[in-house]
Amino acid sequence: MNIDPNDNLVEVRNLTKWFPVQRGLLAQVFGGTRRFVHAVDDVSFEIRRGEVFGLAGESGSGKTTTGRAVVGLTPVTSGRVIFDGIDLTTLGGTGMRSLRRAMQVIFQDPMASLNPRMSLGRSIGYGLEIHNPEMDADARRAAVVEMLERVGLAPANYFYNKFPHQTSGGQRQRAAIARALVTQPELVLADEPIAMADVSVRALLLDLMNELKRDFNLTYLFITHDLATAKYICDRVGIMYLGMMAEVAELRELYTHPLHPYSQALLAAVPVPDPHQRRTQPMPEGEIPNPISPPTGCRFHPRCPIAGEVCAQEVPAFRELRPAHRVACHYAERFLPSGD
Ligand code: SF4
């Protein structure tokens, strides 16, 4: 499928999401400053129609909160999420409900979308009951059977009646994919969809997701902590660090010319199967800082091997330094290929 770089299905503008910190009893009685977890701060990116846009970063980077905000599962603190021309942040419950069918989620744990007390067939059909109430029971069953076959759960009539605990982890994730796709969404948020699957079936699940994307004209927002997985399936990738976007570029561009020291560190830490090739590097020293009081300036500065004085003082602008390649680093020019 040809992807038009000007055809955005989703536009995220200055997205910010803070969660209030639960206050102890003394603070509730005596007052004091309300504190917040800065889960996502001023994040902007686009998802083009038909692409797989990956959000990557270590745990605590804000990628899941961003994904949930994009599909309207988490209300935003500020900023805008525009889906197919509609600003989700201005919609009430009724408006959002009418868009739910168009935006579905595949969770890391398939049990998050499969009811343990329902057969796979009923769980998958439940979305149709909600979003296509005019569909009769026979048509609904036929649609579910077709989808079971499409995700490789055949014979479909056999799997239709199975309960989640009677199936393997890989089969459950296939059923969760079927449940997400049966309502024919446009955008699918896939949040670490293979992280809990057995290593032996991970590539098969990614291949399946790729085939389904092509056949159903889907757009994916694919969240992963693993850049090897992102390399397998994504068209473009955004690297997040401590709630902020560090870098966004097309996959090959990002992997060959990473301009942000954090992206460089993540890429250097990807395990390489061939022992004769370049060895992997450990991530820079230090834990991800506390998101309740994130570092001033560039949030990566306490861990950055090339941080300068300005880094602790000024938040770096998110700049386009190469075509369709944006980065937030004061010193990113150092990493431009010679000739740029
Ligand atoms: Fe490192 Fe400074 Fe760039 Fe941040 S802005 S990544 S601290 S060099």
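Residues numbered from 1 in each chain as written. Predicted model: local features only at pLDDT ≥ 70, side-chain atom pairs only at ≥ 80, totals over all residues. Heavy atoms only, no water.

Asks: Before we go on, may I ask you to explain the overall build of the chain in this structure?
Replies: When helices and strands are tallied, the chain shows 11 helices and 12 strands. Taken against the 2.2 N^0.38 rule, which gives 20 Å for 340 residues, the C-alpha radius of gyration of the chain at 21 Å falls within 12% of a compact globule. Reported as C-alpha extents along the three principal axes, the dimensions of the chain are approximately 65 × 65 × 40 Å. Sorting the 340 residues of the chain into buried and exposed places 48% on the buried side. Sequence-distant contacts in the chain: of pairs separated by 6 or more residues, those separated by 24 or more amount to 65%. With the model as given, the accessible surface of the chain reaches about 16600 Å², and the carbon-plus-sulfur share is 50%. (Helix = DSSP H or I, 4+ residues; strand = E, 2+ residues; numbered from the N terminus. Rg over C-alpha atoms; globule rule 2.2 N^0.38 Å. Buried < 20%, exposed > 50% of the residue type's maximum accessible area, 1.4 Å probe, protein only. Contact = heavy atoms within 4.5 Å. Areas by Shrake-Rupley, 256 points an atom, 1.4 Å probe, with all protein chains shown as cover.)

Asks: Help me out: how do you make sense of the pairing of strand β9 (residues 236–241) in this one?
Replies: Side-chain positions along a regular strand alternate between the two faces of the sheet. The buried fraction of β9 amounts to six of the six residues, a majority that puts the element mostly inside the structure. Residues R236, G238 and M240 point to one face of β9 and V237, I239 and Y241 to the other, with burial holding for every one of them. With four bridges connecting them, strand β3 (residues 52–56) and β9 associate as parallel partners. If you follow G54 over to β9, its bridge partner there is V237. Note: β9 against strand β10 (residues 244–250), six bridges, orientation antiparallel. Bridging from a neighbouring strand, R236 pairs with E250 of β10. A loop of two residues connects β9 with β10, the two strands running antiparallel in sequence, and L242 in this loop sits at a positive phi of about 45°. (Pairing = 2+ DSSP bridges.)

Asks: Quick question: what am I supposed to make of the packing of aromatic side chains here?
Replies: What describes a pair of aromatic rings is the distance from one ring centre to the other and the angle between the planes of the rings. Scanning the entire structure with this criterion turns up six aromatic pairs. Ring geometry for Y241 against F300: centres 5.0 Å apart, planes inclined by 80°, an arrangement best described as edge-to-face. Within this pair, whereas Y241 is found in strand β9, its partner F300 is found in the loop between α11 (261–268) and β11 (319–322), the two being separated by 59 residues in sequence. On the basis of relative accessibility, which here comes to 1%, the residue F300 falls in the buried class. Site record: aromatic cluster; members linked through ring pairs are Y241, Y262 and F300. (Phe/Tyr/Trp six-rings, centres within 6.5 Å; stacked < 30°, edge-to-face > 60°.)

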